[in-house]
Amino acid sequence: MMFLLNFRDFILKIIIQTLTSPERLSFYEWHGDMSPSPTTLSERRFQLFVRFEVLLVMAISLCAAFMFFASLYECGEYRQRLPLSQGTGSANFPQLSKGGLRFASYYGDHMVLQRAPESAVLWGYGPEGANVTLTLAGPTQQKHALAVVTNGIWRVTLDPVEAGGPYEVTAAVEDAAAVLTDVLFGDVWLCGGQSNMWLQTSKIFNASDELRQAEKFPHVRIFMAALRQSETEETDLIQVEHPWSVPPENVADFSAVCWLFGRYLHETLRYPIGLVESCWGGTPVEVWSSPRALQQCGLQQTASGPNENSVLWNAMIHPLLNMTVKGAIWYQGEANAEYNQEKYNCSFPAMIDDWRLAFHRGSGGQTSPNFPFGFVQLSTYRKGSKSDGFPNIRWHQTADHGFAPNPRMQNTFMAVALDLPDKKSPYDPIHPRDKQDVAHRLSLGARAVAYDEKGLAFQGPFPKLIASTSKTINVTYDQKVRVTSSGDVFEVCCTKGQARCGPGFAWVPAPIMQWGPTTVQLSSDVCPPAEEASALRYAWKDWPCDFKACPVYSASGDLPAPPFITERSPTVGRQEV
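About the cut-offs
Residues numbered from 1 in each chain as written. Predicted model: local features only at pLDDT ≥ 70, side-chain atom pairs only at ≥ 80, totals over all residues. Heavy atoms only, no water. Helix = DSSP H or I, 4+ residues; strand = E, 2+ residues; numbered from the N terminus. Contact = heavy atoms within 4.5 Å. Core = buried A, V, L, I, M, F, W, Y, C linked by side-chain atoms within 4.5 Å. Buried < 20%, exposed > 50% of the residue type's maximum accessible area, 1.4 Å probe, protein only. 1 Å grid on protein atoms, 1.4 Å probe; cavity = no way out; pocket = protein on both sides within 12 Å on 5 of 7 lines; lining within 4 Å. Points joined across faces, edges and corners; volume = space filled by probe spheres on them. Nonpolar A, V, L, I, M, F, W, Y, C, P; charged D, E, K, R; others polar. Pairing = 2+ DSSP bridges. Phe/Tyr/Trp six-rings, centres within 6.5 Å; stacked < 30°, edge-to-face > 60°. Lys NZ or Arg CZ within 6 Å of the ring centre and 35° of its normal.

## Overview of the environment of Thr476
Item 1. Mapped onto the elements of the fold, Thr476 is located in strand β17 (residues 472-477).
Item 2. Taking the C-alpha atoms as reference, Thr476 lies 9.4 Å from Pro517; in sequence the two are 41 residues apart.
Item 3. Once residues within four sequence positions are removed from consideration, Thr476 is found in contact with Pro463, Lys464, Leu465, Thr518 and Thr519.

## Section: the nonpolar core
Item 1. Ranked by size, the top nonpolar core spans 150 residues in total, and within it Trp189, Trp355 and Phe490 carry the most contacts.
Item 2. For this core, the element with the most residues is strand β9 (residues 176-193), which contributes 10 residues.
Item 3. Ignoring anything within four residues of it in the chain, the contact list for Phe490 reads Tyr477, Val508, Pro509, Ala510, Ile512, Val520, Leu522, Leu536, Arg537, Tyr538, Val552 and Phe564.

## Some remarks on the layout of surface pockets
Item 1. Approximately 300 Å³ is the volume found for the largest pocket.
Item 2. Forming the boundary of the largest pocket are 18 residues, of which Ser385, Lys386, Glu491, Trp540 and Lys541 lie nearest the centre.
Item 3. In the lining of the largest pocket, the residues fall into seven nonpolar, three polar and eight charged.

## Details of the sheet that holds strand β7 (residues 153-157)
Item 1. With antiparallel pairing, the three strands of this open sheet are ordered in space as β1-β3-β7. Strands with a single pairing partner mark the edges of an open sheet, and in this sheet they are β1 (102-103) and β7.

## Some details on the packing of aromatic side chains
Item 1. Within this structure, the stated rule accounts for 26 aromatic pairs.
Item 2. Between the aromatic rings of Tyr106 and Trp123, the centroid separation amounts to 6.2 Å while the plane-to-plane angle is 70 degrees, which identifies the pairing as edge-to-face. Of this pair, Tyr106 sits in the loop between β1 and β2 (112-114) while Trp123 sits in strand β3 (residues 121-125), placing them 17 residues apart in sequence. Comparing Tyr106 with Trp123, the two get one shared label, buried.
Item 3. Three or more aromatic residues link up through ring pairs in this structure, and these residues are Trp288, Trp330, Tyr344, Phe348, Trp355, Phe359, Phe371, Phe373 and Phe375.
Item 4. For the cation-ring pair, Arg482 lies above Tyr553, with the distance from its terminal atom to the ring centre recorded as 5.0 Å.
Item 5. The ring of Trp507 has Arg537 sitting right over it, with the charged end atom 4.2 Å from the ring centre.

## Considerations on unusual backbone geometry
Item 1. Here the residue pair Ala116 and Pro117 is connected by a cis peptide bond, since its omega of 15 degrees sits within 30 degrees of zero.
Item 2. Inspection of the secondary structure puts Pro117 in the loop between β2 and β3.
Item 3. The omega angle of the peptide bond from Ala404 to Pro405 is 0 degrees, so this bond is cis rather than trans.
Item 4. As for its position among the elements, Pro405 is in the loop between α10 (389-396) and β15 (412-415).
Item 5. Of note in this structure, Arg270 is not a glycine but carries a positive phi near 65 degrees.
Item 6. Inspection of the secondary structure puts Arg270 in the loop between α6 (256-269) and β12 (273-279).

## A closer look at empty space enclosed by the protein
Item 1. A complete count under the given rule lists three cavities of 30 Å³ or more for this structure.
Item 2. Space inside the second largest cavity adds up to approximately 50 Å³.
Item 3. Considering the residues around the second largest cavity, the lining is formed by Tyr107, Met111, Val112, Leu113, Gln114, Ala120, Val121, Val188, Met323 and Thr324.
Item 4. Of the residues forming the lining of the second largest cavity, the biggest block, three residues, is contributed by β2.
Item 5. Tallied by class, residues from the lining of the second largest cavity come to eight nonpolar, two polar and no charged.

Here's what the structure looks like:
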């Protein structure tokens with residue numbers, strides 16, 4: 001509206017100057033001609049006639065401009081009055097058709113819908129009681145039976161469509177239609193968590209090169225939900241931060257872990273990948289969990305704002321439940337190092353179980369009830385820290401098993417990141433910039449677990465047997481290992497007799513003495529007299545090693561061993577882990 005007023009004032013100023021200036025421009029001067037001004041009477045009459053026509057044209061133009069901008073302003077006011085659950089966000093939602101028909105917020109041009117064998121679900125808004133017909137035009141032609149708009153919402157489940165495209169999707173009522181163009185079918189992955197998932201591609205190592213390469217992957221499409229919270233479960237996103245985009249558009253502002261994960265998958269699978277980012281920095285797992293998930297762990301409401309239980313589940317996850325997805329990846333846990341830390345071994349697996357149930361039901365059974373779920377085990381924060389916050393959360397992220405998948409967390413995969421510290425990160429060391437290795441390790445897990453790629457190594461070495469004597473501890477791993485010498489990454493707990501290690505007991509470094517293809521031998525002769533090693537732990541520090549310099553990796557050197565902690569059996573010197 002301000003632009004309209006400024007335009008009016010500009011035109012009026014020209015008119016006034018034209019009528020009142022003692023040195024009015026002549027016909028020639030209006031056209032930039034430097035010829036002398038006309039001096040004859042006929043020429044002056046002609047000049048006055050031209051001025052009158054010019055003023056008339058200006059007046060007509062001004063009226064037209066007022067009508068045009070006023071109509072835009074009215075349209076904008078209408079969009080601002082939409083209810084929050086159907087909010088227009090950054091004005092990226094599919095446009096309302098003449099009949100009030102539109103798709104829900106996270107459907108749009110350039111999007112990726114879930115490929116076969118699952119069926120994609122589409123829904124939106126329309127006139128109450130109207131019959132909506134949805135048509136798919138492209139390599140596969142589909143026309144579906146009518147869906148009746150009930151309580152303002154319509155919904156259609158497509159027949160399974162193989163990967164590919166592009167398609168045009170049309171929802172139509174008797175006198176109106178809403179159309180999505182350049183739609184692809186592939187695998188849709190949801191990316192959630194807090195700030196390390198949020199960290200943008202423009203902020204990681206080699207960002208310029210990564211952004212240049214983005215244009216090579218037009219079939220990896222991205223979508224970002226805006227940061228919004230709600231006290232109640234929303235039907236649709238309150239706001240969209242970035243609509244579905246074709247790279248390189250919006251990649252700079254998109255989650256680096258999510259983007260690179262999708263890119264690496266596409267390089268292997270060679271068909272479209274859709275990535276949906278919904279994350280918020282500094283948030284604990286409780287805000288992303290439904291009340292029913294929290295009840296399973298006895299968690300009560302203690303915080304407010306974006307840390308209030310379930311507010312981001314309500315606003316940024318629940319609206320997506322109707323979407324058919326292939327799986328999810330997750331990078332979160334830092335906020336729980338000091339908040340309900342002891343509950344994380346329950347709250348995180350409970351959230352996964354609940355998401356799976358909710359997405360399965362919300363999609364009408366199309367999303368798998370056990371869809372693959374990948375997560376990043378926490379990296380590092382403070383070098384030299386004595387806090388057990390990060391080590392405990394790393395352990396709880398696996399439901400206290402130390403690896404994934406495991407009996408409690410089936411069909412999951414984990415990327416270990418404790419060997420990727422970044423002391424000089426301009427975004428604080430808690431936000432390491434090496435997201436390429438994180439995404440690569442996640443993609444290996446996805447290929448093995450979600451896509452059942454046989455013979456692919458995706459887990460670092462984990463102990464399968466620990467045997468001890470009075471002088472040594474022998475750790476046997478479940479695979480061949482690459483080992484470098486270390487004096488303090490392994491630690492033993494020293495206790496008297498058969499006492500169990502607990503709070504207040506000393507942990508003493510256990511140096512690596514020697515190693516073999518699958519074994520590591522440690523010195524246990526490090527406890528004070530009259531005490532002996534009763535427990536063993538590995539990499540149990542906030543910052544256990546420097547960049548890619550932990551002592552135990554897979555034989556290839558690509559996958560670090562995850563941290564573990566175990567107690568010796570009270571009756572024998574052997575412990576199966």
